[in-house]
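Now for the letters of each chain:
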Amino acid sequence: MIRYIYGNDLHNWPTLARSMFQDRATQFHDRLGWAVSVDARGEERDAYDAINPLYVIWEDGAGRHGGSMRFLPTTGQTMVNDHFMDLADGVRIESPFIWECTRFCLAPRPEPRTAAALMLAGGEIMTGFGVKHFVGVFDGLMQRVYRRIGATPDVLGTKGEGRAKLCVGLWEFSTETRARLSHGSGISEAQSKGWFQQAFGDVPKQGVSRAA
Amino acid sequence: MVLVAETTSLNSILERVARADTLTDMQQEIERLRDHFGVDHIVYHWVSSDGEQYGCGTYPMTWVERYLEKNYLRIDPVVLGCYQRFHPVDWKRLDWSGKAARNFLADAIEHGVGNQGFSVPIRGPNGQYALFSLSHNSDDDTWADFTASHHRDLIMAAHAFNQRALELEPGRAQETAQALSPREVDAMTLLALGYSRAQVANSLSISEHTLRVYIESARHKLGALNTIHAVARALSRGLIVI
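Residues numbered from 1 in each chain as written. Chains lettered and ligands numbered in written order. Predicted model: local features only at pLDDT ≥ 70, side-chain atom pairs only at ≥ 80, totals over all residues. Heavy atoms only, no water.

Thoughts on empty space enclosed by the protein
- Under the criterion given, the structure shown has two cavities of 30 Å³ or more.
- Taken as a whole, the largest cavity holds about 110 Å³ of empty space.
- Taken together, 14 residues make up the lining of the largest cavity; nearest its centre are Pro96 and Trp99 of chain A together with Phe86, Pro121 and His159 of chain B.
- With four residues, strand β4 (residues 116–123) of chain B is the largest single contributor of residues to the lining of the largest cavity.
- Across the lining of the largest cavity, the residue classes break down as eleven nonpolar, two polar and one charged.
- As a volume, the second largest cavity reaches approximately 70 Å³.
- In terms of lining residues, the second largest cavity is bounded by Pro96 of chain A together with Leu14, Met156, His159, Ala160, Gln163, Arg219, His220, Gly223, Ala224 and Leu225 of chain B.
- Here the element with the most residues in the lining of the second largest cavity is helix α7 (residues 151–168) of chain B; it accounts for four residues.
- Its residues placed into classes, the lining of the second largest cavity shows six nonpolar, four polar and one charged.
- Built from parts of two domains, the lining of the second largest cavity gets at least three residues from each of domain 1 (10–168) and domain 2 (182–236) of chain B. (1 Å grid on protein atoms, 1.4 Å probe; cavity = no way out; pocket = protein on both sides within 12 Å on 5 of 7 lines; lining within 4 Å. Points joined across faces, edges and corners; volume = space filled by probe spheres on them. Helix = DSSP H or I, 4+ residues; strand = E, 2+ residues; numbered from the N terminus. Nonpolar A, V, L, I, M, F, W, Y, C, P; charged D, E, K, R; others polar. Domains from an automatic or database assignment.)

Some remarks on the side chain of glutamate 59 of chain A
Residue and element names in this part refer to chain A.
- With respect to the helices and strands, glutamate 59 occurs in strand β2 (residues 54–59).
- For glutamate 59, a relative accessible area of 12% gives the class buried.
- A polar contact is formed between the side chain of glutamate 59 and the side chain of arginine 3, at a distance of 3.1 Å.
- Not counting chain neighbours up to four residues away, the residues in contact with glutamate 59 comprise Met1, Arg3, Trp13, Leu16 and Arg64. (Buried < 20%, exposed > 50% of the residue type's maximum accessible area, 1.4 Å probe, protein only. Polar contact = N/O pair within 3.5 Å; in protein donor to acceptor, adjacent residues only side chain to side chain. Contact = heavy atoms within 4.5 Å.)

Side note on the packing of helix α1 (residues 10–19) of chain B against helix α2 (residues 23–37) of chain B
Residues and elements named next belong to chain B.
- The geometry of α1 relative to α2 is characterised by a closest axis approach of 10 Å and an angle of 165° between their N-to-C directions. Looking at the two axes, α1 sits roughly antiparallel to α2. Every pair of crossing elements has a handedness; the one defined by α1 and α2 is left-handed. Along its contact with α1, which presents Leu10, Ile13, Arg16 and Val17, the element α2 presents Glu29, Arg32, Leu33, His36 and Phe37.
- Here the residues of the contact of α1 with α2 sort into five nonpolar, one polar and three charged. (Axes fitted to C-alpha atoms, helices over the stretch in contact; angles between N-to-C directions. Parallel < 35°, antiparallel > 145°, perpendicular 65-115°, else oblique. Left-handed = near helix turned anticlockwise from the far one by under 90°.)

Focus: the state of the cysteines
- A complete count under the given rule lists zero disulfides over all chains for this structure.
- Its sulfur unpaired, cysteine 167 of chain A is 13 Å from the next cysteine sulfur, which belongs to cysteine 101 of chain A.
- In this structure cysteine 56 of chain B is not part of a disulfide, and its nearest cysteine sulfur, from cysteine 82 of chain B, lies 17 Å away. (Disulfide = S-S within 2.5 Å.)

Side note on the environment of threonine 142 of chain B
- Counting through the fold element by element, threonine 142 of chain B comes out in helix α6 (residues 140–149).
- Expressed as a C-alpha distance, the spacing of threonine 142 of chain B and glutamine 116 of chain B, which sit 26 residues apart in the sequence, is 9.9 Å.

Some points on the packing of aromatic side chains
- What the rule picks out here adds up to 30 aromatic pairs over all chains.
- Summarising the aromatic geometry, the rings of tryptophan 99 of chain A and phenylalanine 129 of chain A are spaced 5.8 Å apart at their centres and angled 35° between planes, so their arrangement reads as tilted. Residue tryptophan 99 of chain A is located in strand β4 (residues 98–106), and its partner phenylalanine 129 of chain A is located in helix α3 (residues 114–129); the two are separated by 30 residues in the primary sequence. Phenylalanine 129 of chain A carries the same exposure label as tryptophan 99 of chain A, and that label is buried.
- Site record: aromatic cluster; members linked through ring pairs are Tyr4, Tyr6, Phe71, Trp99, Phe129, Phe134, Phe196 and Phe200 of chain A together with Phe86 of chain B.
- Above the plane of the ring of phenylalanine 21 of chain A lies arginine 45 of chain A, whose end atom (NZ or CZ) is 3.8 Å from the centre. (Phe/Tyr/Trp six-rings, centres within 6.5 Å; stacked < 30°, edge-to-face > 60°. Lys NZ or Arg CZ within 6 Å of the ring centre and 35° of its normal.)

Focus on the packing of helix α3 (residues 61–69) of chain B against helix α5 (residues 99–110) of chain B
All names here are of chain B.
- It is the contact of α3 with α5, at a shortest axis distance of 10 Å, that shows an interaxial angle of 155°. With respect to α5, the axis of α3 lies roughly antiparallel. In the packing of α3 onto α5, the handedness of the crossing is right-handed. Between α3, through Trp63, Arg66 and Tyr67, and α5, the contact on the second element is made entirely by Phe104, Asp107 and Ala108.

Examining the domain arrangement of chain B
Residues and elements named next belong to chain B.
- As far as domains go, chain B holds domain 1 (10–168) and domain 2 (182–236).
- Here the C-alpha centroids of domain 1 and domain 2 sit 31 Å apart.
- Contacts between domain 1 and domain 2 engage ten residues on the former and nine residues on the latter.
- At the boundary of domain 1 with domain 2, total buried surface from both sides reaches about 780 Å², with 49% on carbon and sulfur atoms.
- When the area that domain 1 buries against domain 2 is broken down by residue, the three leading residues are Asn11, Met156 and Gln163, summing to 56%.
- Taken together, the links from domain 1 to domain 2 amount to two salt bridges.
- For glutamate 216, the salt bridge identified is with arginine 152, shortest N-O distance 3.7 Å. (Buried area = accessible area lost by both parts, 1.4 Å probe. Salt bridge = Lys/Arg side-chain N within 4 Å of Asp/Glu carboxyl O.)

Thoughts on the sheet that holds β2 of chain A
All names here are of chain A.
- Spatial ordering of the open sheet is given by β1-β2-β3-β4-β5-β7-β6, a layout of seven strands whose pairing is mixed. The outermost strands of the open sheet, each flanked by one partner alone, are β1 (2–6) and β6 (154–159). For this sheet, the mean angle separating the axes of adjacent strands, direction not counted, is 20°.
- Sheet topology places β2 next to strand β3 (residues 65–73); six bridges connect them, and they run antiparallel. Across the sheet, valine 56 pairs through a bridge with methionine 69, a residue of β3. (Pairing = 2+ DSSP bridges.)

Here is the structure:
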């Protein structure tokens with residue numbers, strides 16, 4: 001299932017969190033050879049994990065990480081504005097309606113539907129929170145994954161070659177994309193929406209109103 | 001109960017917020033904004049890194065005093081549920097399950113805060129965190145309709161207040177926070193000249209999607225409501241010349 005978890009709530013899902021940071025080490029350090037820092041427990045973290053991002057995580061049947069991505073609003077500190085403005089024509093991308101998506105990661109042997117399920121969750125964020133665009137930093141391999149699942153970003157700029165290739169791109173989300181991702185992941189749109197609502201408490205809790 | 005009286009346009013309120021010289025000016029505008037949306041209350045609040053409180057709002061003084069006296073900051077589900085987060089939230093979705101929270105709510109309603117609320121947490125530069133909240137007395141459906149149909153305007157208003165508060169912070173370096181990059185200037189200039197989006201994208205050799213993102217960035221930096229207002233502001237501030 002998809003979980004939406006802010007950084008300061010990750011401790012409630014220790015296995016999920018640990019396996020996510022370990023899978024990130026595998027993908028970004030071991031496989032892509034990026035200069036990321038990996039701690040003694042084999043977990044990869046950077047400065048943006050420290051500022052309470054929102055993680056969207058595919059949790060497998062054993063409660064472990066199957067894939068994930070990390071969101072931050074572009075009105076605050078972001079990786080793109082701190083490090084990759086040159087790949088965005090020198091534009092500081094900043095708006096409450098544009099969120100940054102980074103560290104898109106898949107477990108070493110993910111269920112085939114994981115990437116599409118995550119992108120579908122990205123669509124829930126857009127619809128649920130009124131976000132219009134994502135700006136993302138991703139690697140060359142991911143670019144192929146995005147194309148395969150039918151959620152191709154608009155690439156603003158790239159840096160490096162081969163394994164070291166890094167891209168900055170933009171996503172919007174159309175109803176066609178949603179239908180395609182739902183079909184590709186075998187996850188119904190209702191199910192995807194249900195996970196989002198479960199995470200953000202759409203069911204009115206007792207207290208505020210109901211009987212005003 | 002009146003939700004949204006179009007007496008004072010949102011654009012002119014946000015324009016005045018952007019030019020506010022003091023918190024007193026901002027106070028006046030938040031009252032206008034409350035009248036514009038036709039809600040009972042709006043509050044903007046920011047505690048800066050050095051512990052200074054910045055804000056303005058329309059809560060009755062009796063409630064503000066009560067809140068401080070009872071030290072409600074510790075148990076307020078709105079503060080606890082929004083702190084360091086960044087998605088807008090209806091108060092119904094927060095955790096009101098504890099006894100302290102329920103008593104707090106009863107007290108708030110007693111003091112005229114209203115039984116409904118909506119908050120926009122704001123994340124600004126350098127770890128800045130602020131909160132913009134509206135509250136009102138109405139039934140659930142009315143409130144749900146209001147927040148859904150004004151979602152975008154509420155978020156824009158929240159950020160307009162925050163941008164100005166940041167600029168008014170004493171000792172803040174006069175950085176070029178609102179400066180547009182050359183690429184944004186190009187895009188806004190061509191739009192001001194009457195080019196269509198397709199023509200602008202074509203002239204700049206970027207996709208229309210990329211152009212939409214550049215325009216949206218420029219709109220936010222200019223504190224404008226939409227592209228037309230953004231172009232007008234860029235022109236009137238001399239950021240673009242045609």
